Amino acid sequence: MTDHGQSPRGFDRRGFLAAGGALGSAAFLQGLASAQQRTVHRAPASTAWQRIELDLVATSGTVQIRAGTPTNVYRYTGTLQPGSLGTLANIPGSHLGPILFARTGDKLVTRLDNQLPEDHIVHFHGLDVPPAMDGHPMDQVPPGGTFEYHFRIVNRAGTYWFHPHTDMLTAEPVYAGRAGLLIVSDDEEQAVPLPRGAYDIPLVIQDRKFDANNQFVYTPNAIEGFLGDRVLVNGFENFTISAATRVYRFRVINGSQSRIYKLVWSDGTPIVVIGSEGGLLGAPVTLPYLMLSPGERVELWADFRSKPVGTQITLRTQVFLGAGGTNGQTPFDVAFVSIDRAEPETLVLPPVLSAYTPFNPTSAVNYGNPRVFPITMLMGTGFVLNGALFQMSAVAPNEIVKRGDLEIIEITNTGAPSVAHPIHFHGRHFQVLSRTNVSGNPSYYAAVSAGFADHGWKDTVLVWPGERVQILMRYSQYTGLFLYHCHNLVHEDMGMMRNYRIDP
Ligand code: C2O
Ligand code: CU
Ligand code: CU
């Protein structure tokens, strides 16, 4: 395997200038709120399927992230074909985006146009789609190439995202700025009284490092991956929300390469989780802090109604030890909420959020005999899953499963150097069944284990050093090759990824 990027990449500056210039968080939020308000007027998904045609251009540009020289970035620009339903929000002044709002049942036709001088393919993370539509690296297109995705959105309402999935070229293009969101709604979600419009805000958390000329510096290593020295939210430094004394719904996405966050509110308010990767939980969950690893998403309920105008509250990440390298060892202020105005609020935290039925482990076809995928280290290469490096189209005998089967999968992190790995499965969402700390440092573990984001429908699970984690997954109805991998994107690019094959 070739090694991409021990040194910073000179981003292609070709011709593209981000619209808008120095617009900060305020413009981001305004644009988003109006995009969501337009979405409200759509016909319900149940009437007939709606067609969304999205042109997605993988390109480069510059954005004004910091004062002084603009930063060269990679990005996607999106345009909806006339007559398309759905709503697209392009984010002025951010490398991130676009954000597509759609509904379950919509037919999404995406035309990817690769305008960069390297191979490229996009993966819609979290969607249950046929393998040919999943953005597998075997489908990557050359510079100037195009790829057309056409699939029905069958997933329930939730916060999904899309990003590159090119062979050995995922981490760096995501780092350089390429990632967007797909926010799906459905009738069940619409019926729940939750904050909407300007009170429903995605927070994409990504750490970065800048050089003296404001350019991104990328310095990955095989153990911890890449850790930046500052945290951006939605592409902005010091992301500040000018808030009312209302309830907010924050869709928090860890879009970082490798950094794991231990999130808390600065005023000691507990974290109230109402959703995870696959949408709303059955009921809200209150945590003292929240561990969020790359690829994981949560929806938070943040109630500011009792805060006096003038209050400042910070979403912070706290120090924790044992995740590997220096991951977790630096505290950061992630986002700032400034309570600027009084507004009446009538929403109450719903005791029931959605119909959620946990799988019964005894119904699994392999109950008592889980499918085990160990995390180990292959000397001279790096971390691997199931004992082997990624192979483009091969599967091992224990990576062949049957369509629609409910299975218990066990991921063990007991035979490799002590590094935490967020493990992501393409295809269907799963439930976390159990965690056992077999050999991890007990005091490190005690400082993180109350905050694992294990609730509801998951597509990525954090596996702590020394742990054995069991998940329950019902395989997709689609047959063929699907990926599972570490969502530490540096590990993924180094081969910590495998195929599994769903047979009829
Ligand atoms: Cu978000 Cu296969 O990844
Ligand atoms: Cu994925
Ligand atoms: Cu990993």
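Residues numbered from 1 in each chain as written. Chains lettered and ligands numbered in written order. Predicted model: local features only at pLDDT ≥ 70, side-chain atom pairs only at ≥ 80, totals over all residues. Heavy atoms only, no water.

### What to know about the packing of aromatic side chains
Inspection of every chain in the model, using the stated rule, returns 29 aromatic pairs. Between Phe124 and Phe162, the aromatic rings sit 5.5 Å apart at their centres with planes inclined by 45°, giving tilted as the arrangement. Remark: Phe162 occurs in strand S8 (residues 158–164) and Phe124 occurs in strand S6 (residues 122–125); sequence separation between them is 38 residues. For Phe124, a relative accessible area of 3% puts it in the buried group. (Phe/Tyr/Trp six-rings, centres within 6.5 Å; stacked < 30°, edge-to-face > 60°. Helix = DSSP H or I, 4+ residues; strand = E, 2+ residues; numbered from the N terminus. Buried < 20%, exposed > 50% of the residue type's maximum accessible area, 1.4 Å probe, protein only.)

### Observations regarding the sheet that holds strand S17 (residues 290–292)
Pairing in this open sheet of five strands is mixed, and the strands run S12-S20-S19-S14-S17 from one edge to the other. Either end of the sheet is taken by a strand with one partner, and the two such strands are strand S12 (240–244) and S17. On average, each strand axis in the sheet is tilted by 25° relative to the strand beside it, whichever way the strands run. Both S12 and strand S20 (residues 332–341) contribute to a ladder of five bridges, which runs parallel. Each bridged residue has a counterpart across the sheet, and for Ile241 the counterpart in S20 is Val337. (Pairing = 2+ DSSP bridges. Axes fitted to C-alpha atoms, helices over the stretch in contact; angles between N-to-C directions.)

### Here's the deal with unusual backbone geometry
Most peptide bonds adopt trans geometry, and most residues besides glycine take a negative phi value. With omega at 0°, the peptide bond leading from Gly97 into Pro98 counts as cis. Relative to the helices and strands, Pro98 resides in the loop between strand S3 (87–89) and strand S4 (99–103). Of note, Met168 is a non-glycine position whose phi angle comes to about 60°, a positive value. Taking the relative accessible area as the measure of exposure, Met168 reaches 16% and is therefore buried. Residue Asn214 is not a glycine yet carries a positive backbone phi of 70°. Along the polypeptide, Asn214 turns up in the loop between strand S10 (200–208) and strand S11 (230–233).

### Overview of the coordination of the copper ion (ligand 2)
By definition of the ideal shapes, a tetrahedral metal site with four donors has angles of 109.5 degrees and an octahedral site with six donors has angles of 90 or 180 degrees. His123 (NE2) and His424 (NE2) make up the full set of protein donors to the copper ion (ligand 2), lying at 1.9 Å. With His123 in strand S6 and His424 in strand S25 (residues 421–425), this pair connects stretches of sequence that are 301 residues apart. Its relative accessible area of 1% is what places His123 among the buried residues. Among the residues examined, His424 registers a relative accessible area of 0% and is labelled buried. (Donors = N, O, S within 2.8 Å, 3.2 Å for Na, K, Ca; no water.)

### As for the domain arrangement of the chain
Along its sequence, the chain is carved into domain 1 (13–186), domain 2 (197–341) and domain 3 (361–503). Facing 39 residues of domain 1, the contacting portion of domain 2 comprises 39 residues. Between domain 1 and domain 2, a total of about 3,200 Å² is buried, with carbon and sulfur atoms accounting for 57% of that surface. When residues of domain 1 are sorted by the area they lose upon contact with domain 2, Arg66, Thr159 and Tyr175 head the list and together hold 26% of the total. A salt bridge links Glu237 to Arg66, with the shortest nitrogen-to-oxygen separation between them at 3.1 Å. One can count 17 residue pairs in polar contact (both at pLDDT 80 or more) joining domain 1 with domain 2. When contributions to the side of domain 1 that touches domain 2 are tallied by element, the ones reaching two or more residues are helix H1 (25–39), strand S2 (71–80), S8, helix H2 (171–175) and strand S9 (180–185). It is H1 that contributes the most residues to the side of domain 1 that touches domain 2, six residues altogether. (Domains from an automatic or database assignment. Contact = heavy atoms within 4.5 Å. Buried area = accessible area lost by both parts, 1.4 Å probe. Salt bridge = Lys/Arg side-chain N within 4 Å of Asp/Glu carboxyl O. Polar contact = N/O pair within 3.5 Å; in protein donor to acceptor, adjacent residues only side chain to side chain.)

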